Amino acid sequence: MKLLIKIFIIALIALVSCESNIPKGPYFATGIKIGEVTQSEAIVWVRLTETPSRVGNEAPMPTAKYKDPETGTLIARKGRPDITPVVQFPDGYTIKTIQGATQGSHGKARLKYKVKEEENWIQREWQMVNPKAAFSTQFKLSNLSPGKEYELVVEASSLKGNKVSASMKGSFKTAPAINVISDVNFIVTTGTSYSDVDSDTGYKIYPSSLKLDPEFFVHTGDIVYYDDLGKTEDLALWHWDRMYSFPNNIEFHRQVASYFMKDDHDTWMNDAYPGMKTKFMGEFTYEQGTHIFLDEVPMGDKTYRTFRWGKDLQIWLPEGRDFRSENSIPDGPEKTIWGKEQMDWFKRTVKESDATFKVVISPTPIVGPDRGRKNDNHANMGFQYAGDALRKFIGEQKNMVTVCGDRHWQYISKDAKTGVLEFSCGPGSNAHAGGWKQGNLLPEHIYLNVVGGFLEGTVSHINGKPTLVFRHYDPDGKVLNEYVVVSQ
């Protein structure tokens, strides 16, 4: 008996010792994001979490109602009323335990990276995550080589000691040198509302587009939608946590360089602009929304920027929210979406570019057509002066086209006055498609399809001539349409 007790005690001590050596976090439950990639630079965004995975889809979510200003009773939402919201959590649940919750964690992260075919790693020092930036940190890489595939590993540790509690591998491609002829393909999407996610593991567009082995990915905005439940800063952060803790998002973004743009719903609310006043969003403000965006994605000094990918492709990513005029004021020469500084930068950098193809990727339409009741973009009557001027400038450029997000349907259109082509990528899922009647082709339309999916752009060389091909896909990766832009 004494021998058995002794064996039991030894086994118990060994078990406790073993468990004590198991790291207790932090983890990477929201993955990593690799962005702002150039020929020589990249930014790797890292966030630490308390748990290795998200709270499951079986958990409930809060609801929002609105306080009637006369009776004080709580009423359901109708439109976007200018009255105070009240967010209610299910009994026994908090923001830490609702569906998709992935609470941030104190700790530190480090990164090592190398060119894929080389052996020697370059290791960066540990960086503490910032609790005021959603428990994230960003590694800015420089002195990279153009046109190379890089591998990386990120590691997590608690603040005490350097024991690695979690790790994640990643990869990305740097842009080819500007004088190098190179085939390049890229993916563009928009409108990824959580309520319209089309699989238990996240949006299907991510594994579908990953199969195409893109050099880079552009999300044109409406990455998350704050309108319904983002009534406080914490609830706004939860919108990002629940979206980027989906396995599909994690797997895609650890392997593809991305450029993130914001639009109205992931800045604040529908058709938002600086100085907009409403009680509808509760405690959550426009300014908080702009700061959260910068905390949740890899980003440089400005949210408008341009990137060159080899000899034949340059893209422009404008900022469509922070410099705009109030939507409802009368149209005129001073009414703007991009603001004077950004517009001057855009025209200057376009004129300086010698890329064969120039692609403006805009959060919102530049050509349209759009619905008559809309008053928020360059294709609307409310911004006709700015829209006419922008289309005229683009139309005067050689081999310049526009790609847009925001609209919940796929299309290709051609402006009758300037000849500018626009490719609308369409929303992330079929459930999120709508807003236009299928079959309602207008004279501007070359292609129209009220479906979800994504847009692929491919620069290649056919018989030695640079060619830009755009393909619309459905969420499962089926090609729906192809359009070839031949260089002039």
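Above this text is the structure in question.
In what follows, the accompanying structure is described. (Residues numbered from 1 in each chain as written. Predicted model: local features only at pLDDT ≥ 70, side-chain atom pairs only at ≥ 80, totals over all residues. Heavy atoms only, no water.)

Take helix α5 (residues 286-296) next. Along α5, the residues classified as buried are Tyr286, Gly289, Thr290, Ile292, Phe293, Asp295 and Glu296. Those residues of α5 hidden inside the fold are in contact with β1 (32-35), β2 (42-47), β9 (136-141), α3 (233-244) and β14 (257-260). (Buried < 20%, exposed > 50% of the residue type's maximum accessible area, 1.4 Å probe, protein only. Helix = DSSP H or I, 4+ residues; strand = E, 2+ residues; numbered from the N terminus. Contact = heavy atoms within 4.5 Å.)

Let us now look at α3. For α3, which comprises 12 residues, the first-to-last C-alpha distance of 17 Å matches the rise-based estimate of 16 Å (1.5 Å per residue) to within 8%. Of all 12 residues making up α3, 10 are buried, and the element is well covered by its neighbours. Where α3 is buried, its residues meet β1, β2, β5 (85-88), α4 (247-253), β14 and α5. (Expected span 1.5 Å × (residues − 1).)

With that settled, consider the sheet that holds strand β24 (residues 479-486). Pairing is mixed across the open sheet formed by nine strands, whose spatial order is β9-β2-β1-β14-β13-β12-β22-β23-β24. The sheet is open, and its two borders are formed by β9 and β24, each paired with just one other strand. Neighbour to neighbour, the strand axes of the sheet diverge by 25° on average, direction disregarded. Strand direction decides the pairing type here: strand β13 (residues 216-219) and β14, joined by four bridges, are parallel. Each bridged residue has a counterpart across the sheet, and for valine 218 the counterpart in β14 is tyrosine 259. (Pairing = 2+ DSSP bridges. Axes fitted to C-alpha atoms, helices over the stretch in contact; angles between N-to-C directions.)

Let us now look at the layout of surface pockets. Its volume calculated, the largest pocket comes out at about 410 Å³. Taken together, 19 residues line the largest pocket, and the ones lying closest to its centre are Val367, Ala379, Asp388, Arg391 and Asp415. Residues that form the lining of the largest pocket fall into these classes: five nonpolar, five polar and nine charged. (1 Å grid on protein atoms, 1.4 Å probe; cavity = no way out; pocket = protein on both sides within 12 Å on 5 of 7 lines; lining within 4 Å. Points joined across faces, edges and corners; volume = space filled by probe spheres on them. Nonpolar A, V, L, I, M, F, W, Y, C, P; charged D, E, K, R; others polar.)

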